[in-house]
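# Reading the structure
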Amino acid sequence: MNTYTINIEPTSNSAIVKFETNQFLTRHESFEFGNIEEAQKSPLAQELFHLPFVKTVFIAQNFIAIEKYNIVEWADVQEAVSEQLLEYLNNDGIILKAEEDTTTTPSKKVPVTVYAETTPNPSVMRFVANKKLVIAPTEFKNIDATANAPIARELFNFPFVKEVFIDENYISINKYDIANWDEIAMELREFITKYIQDGKDIVLKETLKTATEADNGTEKAKPSVSNENLDPVSKQVIDILEEYIKPAVASDGGNIMFDSYNEETKTVKVILQGACSGCPSSTATLKNGIETMMRDMLKGKVEYVEAVNG
C-alpha cells in the first residue's frame, strides 16, 4: 500500500483550504457535504464534521477542501487537520462507501472532451482531456511496463504506438513511422475519449514508477530525486526546473526531471520524457533556453546542461 502524503494549499477564498494528496481519492465524481447527515456516504467527511469549525467538506479527485466557520483561523488549525487526515487515510479509513446495488444501475458516463494537438516533436502528438488523469508523470517505453496502467496497455495494442507518456490531464503518444498523424490521430482521440467516458481506470496504483522501464522491464531508470539529501545548488536547480521550465515543457507534451549535478564540471544532467525525448529540437532548446537560464540564474555554479532521454 502506498503511503498518503498531503500538501496544504490555500485558495482564493480565505475560508477554504485544500488538502492535496499524492493519490486519487475519487476518480470521476466530486462531492460536497454541508453537514454530517449529508455526509452519510463518506465516513471521512463525517469524521471531519466532528471538528466544530468545519462548515463544508468537498472531496474531488486528489484533494479534500474544507470550508471553516470564522471561530478559528486556518493558520492555527490546518496542520492539525492535515495530521488527522493523514492518520485516517494511512490507516485504511473509508473515503466513500461503495454503492449498495450496482446490478440494476447502469454505469455512469463521465462527461469528457479530448482534443489532439501537435508538439515540437513530429513523432509525438498530445491528447488533452478536460479531466485530471494522473498525479505523477509516467512514461512507458513498451507494453511490459504497463502492468499498473491499463490505458497505456490498451494503447500499445495499436501497432503504430511506440511510446506513451501520461501527465496531469494529457497523454503524449510517440508513433512509429509506419503511419502518419492525419491517418491515426482521430482514431486515437476517439479511443481515449471513450475510454475515459466509460470510467475505466487510467492507472491502478497512484504512485507508479516515474522511471522508464526498458529491456522487458528489467532495467529501471533513475527515480525522482528526493530534495532532502541534495546539495544547495541541486535544490536550486530543481526549483528553477519546477517554476520556469516544466510548465513550458508540459505544454508541449513532455516532461523534464533533475538527474544530477556535478560541482567540479558545473554540469547539470536532466532526463527528458514524453515529446521531449528524442525530439529533434530538444538539443537546441536545451542549449539556447535551459542552459542559458541556468547560467544566468546560478552564475558561477552551472555552465553546462546535459540531457538523457527517459
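See above for the structure.
Residues numbered from 1 in each chain as written. Predicted model: local features only at pLDDT ≥ 70, side-chain atom pairs only at ≥ 80, totals over all residues. Heavy atoms only, no water.

## With respect to the environment of V17
How we decide: Note on conventions: DSSP H or I runs of at least 4 residues are helices, E runs of at least 2 residues are strands, and numbering of each starts at the N terminus. To sort residues, take the accessible area from a 1.4 Å probe on protein chains only and compare it with the maximum for the residue type: under 20% means buried, over 50% means exposed, and anything in between is partly exposed. Throughout, a contact is declared for two residues whenever any of their heavy atoms are within 4.5 Å.
Within the secondary structure, V17 sits in strand β2 (residues 16-21). When its relative accessible area of 4% is taken as the criterion, V17 is described as buried. Expressed as a C-alpha distance, the spacing of V17 and I66, which sit 49 residues apart in the sequence, is 5.6 Å. Dropping the residues within four chain positions of it, V17 is found in contact with I8, E9, T11, I64, A65, I66, W74 and Q78.

## Structural notes on the sheet that holds strand β4 (residues 54-60)
Threshold: Whether two strands pair depends on DSSP finding at least two bridges between them. Each axis is a line fitted through C-alpha atoms, and for a helix only the stretch in contact is used; angles between axes span 0 to 180 degrees, taken between their N-to-C directions.
Across the sheet, 5 strands lie side by side as β1-β2-β5-β4-β3; this open sheet has antiparallel pairing. Each edge of the open sheet is held by one strand with a lone partner, namely β1 (6-10) and β3 (30-33). Between one strand axis and the next, the sheet turns by 20° as a mean value, whatever way the strands run. Along the sheet, helix α2 (residues 74-90) contacts β1, β2 and β5 (63-68); its crossing angle with β2, the most-contacted strand, is approximately 35°.

## Here's the deal with the pattern of salt bridges
Cut-off, in case you're wondering: Criterion for a salt bridge: a side-chain nitrogen of Lys or Arg within 4 Å of a carboxyl oxygen of Asp or Glu.
Counting across every chain of the model gives 8 salt bridges. When the shortest N-O distance is used, the salt bridge between R126 and E117 registers 2.2 Å. In this structure E117 comes out as partly exposed when scored by relative accessible area, which is 23%. A salt bridge links K132 to E168; its shortest N-O distance comes to 3.9 Å. With K132 in the loop between β7 (124-129) and β8 (138-140) and E168 in the loop between β9 (161-167) and β10 (170-175), this pair connects stretches of sequence that are 36 residues apart.

## What about unusual backbone geometry?
Even without glycine at this site, D92 takes up a positive phi of about 60°. Note that D92 resides in the loop between α2 and β6 (114-118). Located in the positive-phi region is E168, a residue other than glycine, with phi close to 50°. Classification of E168 as partly exposed rests on a relative accessible area of 35%.

## Observations regarding the packing of aromatic side chains
To keep things clear, this is the line we draw: Pairing of aromatic rings covers Phe, Tyr and Trp, the last through its six-membered ring, and needs centres within 6.5 Å; plane angles under 30 degrees mean stacked, over 60 mean edge-to-face, and all others mean tilted. Whether a charge lies above a ring is judged from NZ of Lys or CZ of Arg, which has to be within 6 Å of the ring centre and within 35 degrees of the ring normal.
By the definition in use, this model includes 8 aromatic pairs. Ring centres of F19 and W74 lie 6.0 Å apart, and the angle between their planes is 65°; this geometry places the pair in the edge-to-face category. Placement of the pair is F19 in strand β2 and W74 in helix α2, with a sequence separation of 55 residues. Residue F19 shares its accessibility class with W74, and that shared class is buried. Measuring from ring centre to ring centre gives 5.5 Å for F158 and F160, while their planes differ by 35°; the resulting arrangement is tilted. A connected cluster of aromatic rings, assembled from ring pairs, spans F158, F160, F191 and Y195. Stacked on the ring of F63, the Lys or Arg K18 has its end atom at 4.3 Å from the ring centre. Seen from the ring of Y170, R126 lies directly overhead, with NZ or CZ sitting 4.2 Å from the centre.

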